[in-house]
Amino acid sequence: MKTLISALVISAASVLPVSASLHDFNPTNAAPVPSRTKAQVGQGECLTTRDNSKMCYLKTSASTFSISILDVDFPGKPEVAHIDCSTGRWGAFGDIPKATLDQYLGSFCPTFG
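Parameters at a glance
- Residues numbered from 1 in each chain as written.
- Predicted model: local features only at pLDDT ≥ 70, side-chain atom pairs only at ≥ 80, totals over all residues.
- Heavy atoms only, no water.
- Helix = DSSP H or I, 4+ residues; strand = E, 2+ residues; numbered from the N terminus.
- Buried < 20%, exposed > 50% of the residue type's maximum accessible area, 1.4 Å probe, protein only.
- Arc of directions from axis to C-beta.
- Core = buried A, V, L, I, M, F, W, Y, C linked by side-chain atoms within 4.5 Å.
- Contact = heavy atoms within 4.5 Å.
- Pairing = 2+ DSSP bridges.
- Disulfide = S-S within 2.5 Å.

Student: How should unusual backbone geometry be read in this particular structure?
Tutor: Excluding glycine, residues mostly carry a negative phi; peptide bonds, for their part, are mostly trans. The backbone of N52 shows a phi angle near 70°, a positive value even though the residue is not glycine. Residue position: N52 is located in the loop between strand 1 (44-48) and strand 2 (54-59). The exposure class assigned to N52 is partly exposed, which follows from its relative accessible area of 37%.

Written out as structure tokens, the structure reads:
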């Protein structure tokens, strides 16, 4: 698990931040398209929002995901999160405020779980 988290942090840190306005994550813009299925255990993907924020996720079990977020409003501050879609509970490590994380993680499970 430590290796997975390290890999996600390194991946997020390697993305160059771009200054932009208020974060605009919208799960409908990132929802799987009809030709794709939702991720299986061990699969994931990286998404870019309209303001060039980045989010990568990896499905770690039937209901849990490991998530890396690099929000342009907080350059150089990658966030690593873990969410359990069976309960909706999540935890995160980093410097992004809870209100911003709620924007990402509040709709994550209905969209990707």
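Student: Explain helix 3 (residues 98-105) here, please?
Tutor: For an α-helix, the turn length of 3.6 residues means that residues three or four places apart are oriented alike. All buried positions along helix 3 are accounted for by T100, L101, Y104 and L105. End-on, the buried residues of helix 3 take up no more than an arc of 125°, which puts them together on one face.

Student: Mind showing me how you'd approach the nonpolar core here?
Tutor: Soluble globular proteins tend to bury their nonpolar side chains together. Within the largest apolar cluster, 17 residues are counted, with the highest numbers of intra-cluster contacts made by M55, Y57, I67, I69, I83, L105 and F108. Where this core is concerned, the elements lending two or more residues are strand 2, strand 3 (64-70), strand 4 (79-84), helix 3 and helix 4 (108-112). Each residue touching I69, except ones within four places of it in the same chain, is listed here: K54, M55, K77, P78, E79, I96, L101 and Y104.

Student: How should I be thinking about the pairing of strand 1 in this particular structure?
Tutor: One face of the sheet, then the other: side chains in a regular strand alternate in exactly this way. Where strand 1 meets strand 2, five bridges bridge the pair, whose relative direction is antiparallel. In the strand pairing of strand 2, E45 is matched with Y57. Counting the residues in the hairpin turn of strand 1 and strand 2 gives five residues, including N52, whose phi is positive at 70°.

Student: Sorry, what's going on with the state of the cysteines here?
Tutor: Within this structure, the stated rule accounts for two disulfides. With its sulfur 2.0 Å from that of its partner, C46 forms a disulfide with C56. Note on the C46 and C56 pair: the S-S dihedral is about 110°, so by sign convention the disulfide is right-handed. You can see C46 sitting in strand 1 and its partner C56 sitting in strand 2, a full ten residues away along the chain. By relative accessible area, C46 is classed as exposed at 55%. The side chain of C85 participates in a disulfide bridge whose partner is C109; the two sulfur atoms lie 2.1 Å from each other. In this structure, the disulfide formed by C85 and C109 twists by about -85° around the S-S bond and is classed as left-handed.

Student: Would you mind going over the pairing of strand 5 (residues 89-93) with me for this structure?
Tutor: As paired strands, strand 4 and strand 5 are joined by five bridges and run antiparallel to one another. Bridge assignment links V80 to a residue of strand 5, and that residue is F93.

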